[in-house]
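Report on the structure
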Amino acid sequence: MVLPPRKDSLKWGTYSEDVLPLWVADMDFPVAEPIQRAIKERAEGFLGYPPREGDRELKALLLERTGLEGEVAFLPGVVVGLYAAVAAFTAPGQGVLTQVPIYPPFLAAIREQKRTVLANPLKETETGYRLDLSGLERLAFATRLLLFCHPQNPTGRVFTEEELLALAQIARKHDLIVVSDELHAPLTYERPHLPLARFLPERTLTLLGPGKAYNLAGLPLGAAVGPAPLLEALKRHLPHTFPNVLALAAWKAALQEGEAWLKGVRAQLKANRDRVAAWAREVGLTHFPPEGTYLAWLKTPFPQAAARLLREARVALNPGESFGEGYDRYVRLNFATYPEVLEEALRRLTKALKGA
Ligand SMILES: Cc1ncc(COP(=O)(O)O)c(C=O)c1O
């Protein structure tokens with residue numbers, strides 16, 4: 001089934017009709033049928049407060065599926081967890097480490113709470129982006145907290161066992177707490193996602209959610225998983241709300257019955273990823289195909305690239321500069337759309353790039 005674009009969505013409703021929106025991280029595909037069914041069933045029943053702990057069965061399922069250990073707390077959304085982590089583990093004026101380029105709310109959670117971003121840029125190598133471990137080590141003494149993103153948004157990097165082990169070693173040596181946003185974990189291609197907590201269980205809080213993999217961002221819900229003392233510290237900085245019961249039902253259905261749908265979507269995303277990578281080669285853009293996520297990070301020849309491509313190609317992409325300083329020649333392209341939409345966007349982008 002092909003969904004018509006919705007004007008009442010952020011993705012399709014922000015720009016004028018002639019613009020193709022390949023920006024904010026929603027997929028254009030309809031939600032899995034078992035999830036739709038679970039939401040309808042729940043809506044026909046009780047919509048009062050859920051139990052204080054949310055849904056125990058879902059908590060058990062999350063631990064079982066991810067292999068994570070420890071306690072689980074539901075969050076009103078994953079970004080709320082990032083803000084709470086900054087508040088819980090640092091004080092105003094202190095630094096917070098993160099790898100850049102990075103999903104903009106990481107930077108906002110640090111800056112808006114009057115902390116300083118300690119930016120650890122990913123290293124660009126001939127085969128893609130890598131953690132800069134020596135850079136990380138140089139900054140690690142100056143903070144208590146690392147906000148990690150894995151799979152990484154916007155580069156789509158899925159970090160290797162080797163990198164995660166090295167990171168764990170640095171975290172232990174420098175007494176760091178790591179909050180690892182693993183929201184995109186179900187969306188990896190060749191290599192499976194390895195949770196950081198497997199290598200650093202005593203110091204990691206993992207953030208999860210159904211929003212990206214199951215396309216449920218408008219029904220926000222997340223979870224933090226990890227050792228009880230860290231989780232208790234986080235919870236003191238969370239708003240006193242109950243998890244949304246429709247979102248709980250949706251996430252449970254996703255884990256119990258969403259695998260076939262996810263497999264199909266992954267295949268489509270992988271084909272789109274390969275198409276974008278081939279196109280980037282053709283037009284000569286620096287690009288490393290993402291190992292996970294449905295986001296492509298592309299380096300263009302011009303400054304303020306997203307604004308220019310919006311103007312000249314009528315394609316909306318996320319501006320690189322919102323992912324950290326010095327990235328204004330980059331754009332993030334969301335390829336979770338139908339092949340016809342993607343082709344038309346690439347055609348328009350090619351024309352604008354050739355005219356450069
Ligand atoms: C890495 C990452 N974290 C968090 C979010 C947003 O999560 P939520 O809507 O649950 O706050 C996104 C959305 O794209 C994301 O890519």
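Before reading further, recall that the structure is shown in the block above.
Now for a quick tour of the structure. Being a predicted model, the structure only gives us computed values, none of them experimental.

The next thing to look at is the nonpolar core. Ala85, Leu145 and Val179 are the most contacted members of the largest nonpolar core, which totals 112 residues. Sort the elements by how many residues they give to this core and helix H4 (residues 78-89) lands first, with 9 residues. Residue contributions to this core reach at least three from each of two domains, namely domain 1 (10-30 + 260-354) and domain 2 (34-257). Leaving out residues up to four positions away in the same chain, Leu145 has contacts with Ala85, Val86, Phe89, Thr90, Val96, Leu97, Leu176, Ile177 and Val179.

Taking 1.5 Å per residue, 13 residues should reach 18 Å; helix H9 (residues 245-257) reaches 18 Å between its end C-alpha atoms and fits that length. Taken together, the buried positions of H9 are occupied by Val245, Ala247, Leu248, Ala249, Ala250, Trp251, Lys252, Ala253 and Ala254. In the core, the buried residues of H9 are packed alongside helix H2 (33-43) and helix H3 (56-66).

The element strand E10 (residues 222-226) is extensively covered by neighbouring structure, given that 5 of its 5 residues are classed as buried. Burial of E10 is two-sided: the residues Gly222, Ala224 and Gly226 facing one way and the residues Ala223 and Val225 facing the other way are all buried. Note that strand E2 (residues 71-75) and E10 share 5 bridges and pair antiparallel. Bridge pairing links Val72 to Val225 in E10. Here strand E9 (residues 204-208) pairs with E10 via 3 bridges, running antiparallel.

This part is about H3. All of the buried residues along H3 are Leu58, Leu62 and Thr66. Relative to the axis of H3, the buried residues are bounded by an arc of 50 degrees and lie together on one face. Among the exposed residues of H3, those oriented more than 90 degrees off its buried face are Arg56, Glu57, Ala60 and Glu64. Looking at the packing, one finds that the buried side of H3 touches E2, E9, E10 and H9. Just beyond H3, the residue with positive phi is Gly67, at close to 75 degrees.

This part covers the sheet that holds strand E11 (residues 286-287). The strand order across the open sheet formed by 4 strands is E11-E12-E15-E14, and the pairing between neighbours is antiparallel. Edge positions in the sheet fall to E11 and strand E14 (318-319), since each of these pairs with one other strand and no more. In the sheet, E14 pairs with strand E15 (residues 330-334) via 2 bridges, with the strands oriented antiparallel. By the bridge assignment, Asn318 is partnered in E15 with Arg332. Across the sheet, helix H11 (residues 305-313) lies against E14 and E15, angled at about 60 degrees from E15, the strand it touches most.

Let us look at the site of the ligand. In the neighbourhood of the ligand, 15 residues make up the surrounding shell, with Ala25, Gly77, Val78, Val79 and Asn153 lying closest. When grouped by side-chain class, the residues that make up the shell around the ligand number 8 nonpolar, 5 polar and 2 charged.

So, on to the environment of Lys7. Inspection of the secondary structure assignment puts Lys7 in the segment before helix H1 (10-13). Excluding residues that lie within four positions of it along the chain, Lys7 makes contacts with Trp12 and Gly13.

Right, let's get into the pairing of strand E12 (residues 295-299). When you tally the buried positions in E12, you get 4 out of 5 residues, the bulk of the element. The sheet contact formed by E11 and E12 spans 2 bridges and is antiparallel. Counterpart to Thr286 in the pairing with E12 is Lys299. As paired strands, E12 and E15 are joined by 5 bridges and run antiparallel to one another. Among the inter-strand pairings, Leu295 is bridged to a residue of E15, identified as Asn334.

Conventions we followed
Residues numbered from 1 in each chain as written. Predicted model: local features only at pLDDT ≥ 70, side-chain atom pairs only at ≥ 80, totals over all residues. Core = buried A, V, L, I, M, F, W, Y, C linked by C-beta atoms within 7 Å. Buried ≥ 20, exposed ≤ 12 C-beta atoms within 10 Å, placed from the backbone. Helix = DSSP H or I, 4+ residues; strand = E, 2+ residues; numbered from the N terminus. Domains from an automatic or database assignment. Contact = placed C-beta atoms within 7 Å. Expected span 1.5 Å × (residues − 1). Pairing = 2+ DSSP bridges. Arc of directions from axis to C-beta. Axes fitted to C-alpha atoms, helices over the stretch in contact; angles between N-to-C directions. Near = placed C-beta within 6 Å. Nonpolar A, V, L, I, M, F, W, Y, C, P; charged D, E, K, R; others polar.

Function-wise, these values are silent; they only describe arrangement.
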